[in-house]
Every structure is written in C-alpha cells, then in structure tokens.
Amino acid sequence: MQIAIIGAGNVGSALAKQWAKAGHTILLGLRDLNSTDAKELEKFSPNISSHTISEAINNSEVVLFSTPPEAAVTVAKQNPSLKNKIVIDATNSIFKKPEPYKTAFEGIKKETGCQEVVKCFNSTGFENMENPKYGNLVIDMFAASSSKKAKEVARTLSIDAGFAECYDFGGDDKVELLEQFALSWINLAILQKQGRNIAFKVLRK
Ligand SMILES: NC(=O)c1ccc[n+]([C@@H]2O[C@H](COP(=O)([O-])OP(=O)(O)OC[C@H]3O[C@@H](n4cnc5c(N)ncnc54)[C@H](OP(=O)(O)O)[C@@H]3O)[C@@H](O)[C@H]2O)c1
C-alpha cells in the first residue's frame, strides 16, 4: 500500500519502520522537509520518503494521523482529498480536545466528509508498535470504526506491523472508549509507574 504518515514523531516513526519492513511504500507528510527524524527514517529504508503534507496525502491510498489531535483536524480542513482516502487516526484527545470536536476522529470526519476513518494504533505505547513481541507472546491491537473497509485495512496494517491480532472494538460510537482504553494503558504505565514495557493482550480459554 501507499501510506501517508502525517506526523513522523514517536508513533509515526515506529509504524513507518514496521510498514516499510513489510514492503509498504511510506510517504512522510512533513511541515519541515529537513526534519532529522525524517532523514533517519529515509536512511532506515528505501521504502520511506519525505514530502509536504498535501503531496503525501494526495499520492496515498491510506493516511495515518500521528500528530497532536488539534493538528490532525487542521490538516483535515486543509486537505479535502482526504474524503476519498482510508484514514487511520492514532491520536488521543485524552488531555486536550481538538475544539469544537471531542476527538480528532470526529473532526476529521466532519471536516472532510470521509466515511472511511478508523481509530487504531492509539491504545498502546509507541515502543510496543516498534516491537509488539514479549518473548513468545505477541500483543494485540484494537480498532473502532463504522467503516468495515477501514477496519479491514487497519487489521491488515496491524498484522503487517507485527501485532498478533487487531480486535474489532466496535463502531464510531466506541472511538471514545478506545481512547479511554489508551488512557488505561497510560494510567498503568506512567501514572501507576509500571513502566512503558507493558501491553494488553486478549486471552481465551
Ligand atoms: N507516544 C505514544 O506512545 C503514543 C501512543 C499512542 C498514541 N499516541 C498519540 O499519537 C499522537 C502522536 O504522538 P507522538 O508521541 O508520536 O508525538 P510526537 O513524537 O510529538 O510527534 C508528533 C508529530 O506531529 C507533528 N506535528 C505536530 N504538529 C503538527 C502540525 N500542526 N501539522 C503537521 N504535523 C504536526 C510533529 O512534527 P514536527 O516535527 O514538525 O513538530 C511530529 O512529527 C498523539 O496524538 C498521541 O496522543 C501516542
């Protein structure tokens, strides 16, 4: 897939590396084309290249938002071509809402009219995205959206990033719950001081 990554920070860089290794073409959408993070990523894989934000979006089928939530809404307003893309929203609006919206997910949908938006890659730390393995165990990912197509793409890209499974967390009405799930990880890892090398996995018996 041709994937635009808007925001090449912790989350964007981790997923760029995993997806590039899996053979996807990654177009980093950047405010600063001389960004050091982007130069490092280009060195990491020939599948990764740097572009302006609009160029990256216009030339991709799938767009990942891994920016602060308010930045995702601003970029959405400026890029109407998002309407026809699969958009993956990895942002969390837990500590700051992208006013007047409750989440970037809601803002992206309302500003672009895109129906294929999915919340995914928001519920665990970026270190777990760069390496989802815990010894012999492989952790899970979760995705919420009312678009079946967007959830299928999120699942494929979760498996390609190395996750064991991407569980269907429900429709658009479960997006805020998935952000609260992210807050649960943040609570355990950071506020309760368990450390960032922890993860959630669904077990069955
Ligand atoms: N950190 C985690 O473990 C984690 C896990 C799950 C979800 N999340 C969520 O994922 C998002 C990104 O987190 P992060 O830790 O990866 O953040 P980060 O390392 O600070 O990276 C943020 C990226 O967004 C870009 N950006 C900021 N404002 C922008 C704007 N107005 N237009 C375009 N690009 C802009 C930055 O680019 P510049 O270099 O130009 O500033 C940077 O590349 C947040 O919403 C966070 O809640 C984080």
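Since the structure is predicted, the reported quantities are computational estimates derived from the model, not experimental observations.

Reading guide: rules and limits
Residues numbered from 1 in each chain as written. Predicted model: local features only at pLDDT ≥ 70, side-chain atom pairs only at ≥ 80, totals over all residues. Heavy atoms only, no water. Helix = DSSP H or I, 4+ residues; strand = E, 2+ residues; numbered from the N terminus. Contact = heavy atoms within 4.5 Å. Polar contact = N/O pair within 3.5 Å; in protein donor to acceptor, adjacent residues only side chain to side chain. Phe/Tyr/Trp six-rings, centres within 6.5 Å; stacked < 30°, edge-to-face > 60°. Lys NZ or Arg CZ within 6 Å of the ring centre and 35° of its normal. Near = heavy atom within 4 Å. Areas by Shrake-Rupley, 256 points an atom, 1.4 Å probe, with all protein chains shown as cover.

Draft legend 1. Representation of the environment of Ser13. Looking at where Ser13 falls in the secondary structure, it is placed in helix H1 (residues 10–21). Sequence spacing of Ser13 and Leu28 is 15 residues, and the spatial spacing of their C-alpha atoms is 9.2 Å. Beyond its immediate sequence surroundings of up to four residues, Ser13 is in contact with Ala8 and Leu41. From its side chain, Ser13 meets the backbone oxygen of Ala8 in a polar contact 3.1 Å long.

Draft legend 2. Summary view of the packing of aromatic side chains. A complete count under the given rule lists 7 aromatic pairs for this structure. Between the aromatic rings of Phe142 and Phe169, the centroid separation amounts to 5.9 Å while the plane-to-plane angle is 75 degrees, which identifies the pairing as edge-to-face. Of the two residues, Phe142 is situated in strand E9 (residues 141–144) and Phe169 in strand E10 (residues 166–170); the sequence distance between them amounts to 27 residues. On the basis of an interplanar angle of 25 degrees and a centroid distance of 5.7 Å, the ring pair of Phe169 and Phe181 is categorised as stacked. With Phe169 in strand E10 and Phe181 in helix H8 (residues 175–191), this pair connects stretches of sequence that are 12 residues apart. Through a chain of ring-to-ring contacts, the aromatic side chains of Phe142, Tyr167, Phe169, Phe181 and Phe200 assemble into a single cluster. Over the face of the ring belonging to Phe44 we find Lys17, whose NZ or CZ atom lies 5.7 Å from the ring centre.

Draft legend 3. Representation of the site of the ligand in the model. Around the ligand, the structure places 22 residues, and the nearest of them are Asn10, Val11, Arg31, Thr67 and Phe126. One of the backbone N or O atoms of Ala8 is found 3.0 Å from an oxygen atom in the ligand. Its free accessible area being 900 Å², the ligand has 70% of it covered by the protein chains. For the shell around the ligand, the elements supplying multiple residues, two or more each, are H1, helix H4 (69–78) and helix H6 (126–130).

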